[in-house]
Amino acid sequence: MDVVMEITGTDIWYYYICKRELWLMMHKIIPDQEDENVEIGRFITDYYSDRGKKEVDIGSGKIDRIKKVGDRLIVQEIKKSSRFKKSSYFQLLFYLYQLNKMGITATGELLFSEEKTKETVELTGSNVYELEEAIEDITKYAKLSIPPPPKKIKYCNKCAYREYCWAGED
Ligand code: SF4
């Protein structure tokens, strides 16, 4: 299957969780949505429908919230917890990167609601380099005709694809 699609913030998120999951999502292979252990179900929903929240569409993703403080523009991404912090960080960085390409300078804030913590995210030379590498890599994954093999990680037992990946295994 040939995938022609724009990379989204959600793709960035999956990239830092599991490359196989990224591929499955990009190819619209719907996971078991009945699975009550789907901790990351929110992101699956993001992929297929609107969340019904106040979001700002920037074409390749939906920003949770934008606010202006003085002359600073702040983009906020709200997550339940910091469990998937790297994914969350690069997803937000991707939105800042997209805005920057539109000529909009913004600072990011990652808000972890359960922990009531906040982290500032800003574009720097090194994180932009890493993000661009990830974007290039995602493009390569999207073009694969079969998904990368499953790799046991600690998130597997919470993943909606776990039956698909690990049926018959403990
Ligand atoms: S079950 Fe594990 S290997 Fe399979 S898609 Fe989910 S996280 Fe990736």
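That block above? That's the structure.
Residues numbered from 1 in each chain as written. Predicted model: local features only at pLDDT ≥ 70, side-chain atom pairs only at ≥ 80, totals over all residues. Heavy atoms only, no water.

1. Looking at empty space enclosed by the protein
Any empty space left between atoms is shown by rolling a water-sized probe over those atoms.
Part 1: Following the criterion strictly, the structure yields one cavity of 30 Å³ or more and no others.
Part 2: Its boundaries defined by the atoms lining it, the largest cavity holds a volume of some 110 Å³.
Part 3: Secondary-structure elements contributing two or more residues to the lining of the largest cavity are helix H2 (19–26) and helix H6 (162–166). (1 Å grid on protein atoms, 1.4 Å probe; cavity = no way out; pocket = protein on both sides within 12 Å on 5 of 7 lines; lining within 4 Å. Points joined across faces, edges and corners; volume = space filled by probe spheres on them. Helix = DSSP H or I, 4+ residues; strand = E, 2+ residues; numbered from the N terminus.)

2. Here's the deal with the sheet that holds strand S6 (residues 117–121)
Part 1: If you walk across this open sheet you meet the four strands as S3-S4-S5-S6, and the pairing is mixed. Where the open sheet ends on each side, the last strands, each with one partner, are strand S3 (65–69) and S6. Across this sheet, the average inter-strand angle for adjacent strands is 30°, counted without regard to direction.
Part 2: Note: strand S4 (residues 72–79) against strand S5 (residues 107–112), six bridges, orientation parallel. Bridge pairing in S5 links Ile 74 to Thr 107. (Pairing = 2+ DSSP bridges. Axes fitted to C-alpha atoms, helices over the stretch in contact; angles between N-to-C directions.)

3. Describing the packing of H2 against helix H5 (residues 125–143)
Part 1: At a minimum axis distance of 9 Å, the contact between H2 and H5 shows a crossing angle of 60°. Viewed along their axes, H2 and H5 form a crossing whose handedness is right-handed. Of the residues in H5, those in contact with Lys 19, Leu 22, Trp 23 and Met 26 of H2 are Ile 138, Tyr 141 and Ala 142.
Part 2: The class makeup of the residues in the contact of H2 with H5 is six nonpolar, no polar and one charged. (Left-handed = near helix turned anticlockwise from the far one by under 90°. Contact = heavy atoms within 4.5 Å. Nonpolar A, V, L, I, M, F, W, Y, C, P; charged D, E, K, R; others polar.)

4. Regarding unusual backbone geometry
Part 1: A positive phi is found at Lys 28, a non-glycine position, where the angle reads about 55°.
Part 2: In this fold, Lys 28 is placed in the loop between H2 and helix H3 (41–48).
Part 3: Given a relative accessible area of 51%, Lys 28 falls into the exposed group.
Part 4: The backbone of Lys 116 shows a phi angle near 55°, a positive value even though the residue is not glycine. (Buried < 20%, exposed > 50% of the residue type's maximum accessible area, 1.4 Å probe, protein only.)

5. Let's talk about the nonpolar core
Part 1: Formed by 42 residues in total, the largest nonpolar core has its most connected members in Ile 12 and Leu 131.
Part 2: Counting only elements with at least two residues in this core, the list comes to helix H1 (9–15), H2, helix H4 (85–101), S5, H5 and H6.
Part 3: The element that contributes the greatest number of residues to this core is H4, accounting for nine residues.
Part 4: Excluding anything up to four places from it in sequence, Leu 131 contacts Ile 12, Phe 90, Leu 93, Phe 94 and Tyr 97. (Core = buried A, V, L, I, M, F, W, Y, C linked by side-chain atoms within 4.5 Å.)

6. Examining H5
Part 1: Here H5 spans 28 Å end to end across 19 residues, near enough to the 27 Å set by a 1.5 Å rise per residue.
Part 2: Of the positions making up H5, those classed as buried are Asn 127, Val 128, Leu 131, Ala 134, Ile 135, Ile 138, Tyr 141 and Ala 142. One side of H5 holds all its buried residues, which, seen down the axis, span an arc of 135°. For H5, exposure combined with an orientation more than 90 degrees from the buried face picks out Gly 125, Ser 126, Tyr 129, Lys 140 and Lys 143.
Part 3: Next to the buried residues of H5 lie H1, H2 and H4. (Expected span 1.5 Å × (residues − 1). Arc of directions from axis to C-beta.)

7. Re the packing of aromatic side chains
Part 1: Taken as a whole, this structure holds eight aromatic pairs when the rule is applied.
Part 2: Their ring planes at 65° and their centres at 5.2 Å tell us that Trp 13 and Phe 84 sit as a pair that is edge-to-face. Of this pair, Trp 13 sits in helix H1 while Phe 84 sits in the loop between S4 and H4; the two residues are 71 residues apart in sequence, bridging distant segments of the chain.
Part 3: Phe 84 sits in the buried class, given a relative accessible area of 10%.
Part 4: When the ring of Tyr 16 is compared with that of Phe 90, the centres are 4.6 Å apart and the planes differ by 20°; the resulting orientation is stacked. (Phe/Tyr/Trp six-rings, centres within 6.5 Å; stacked < 30°, edge-to-face > 60°.)

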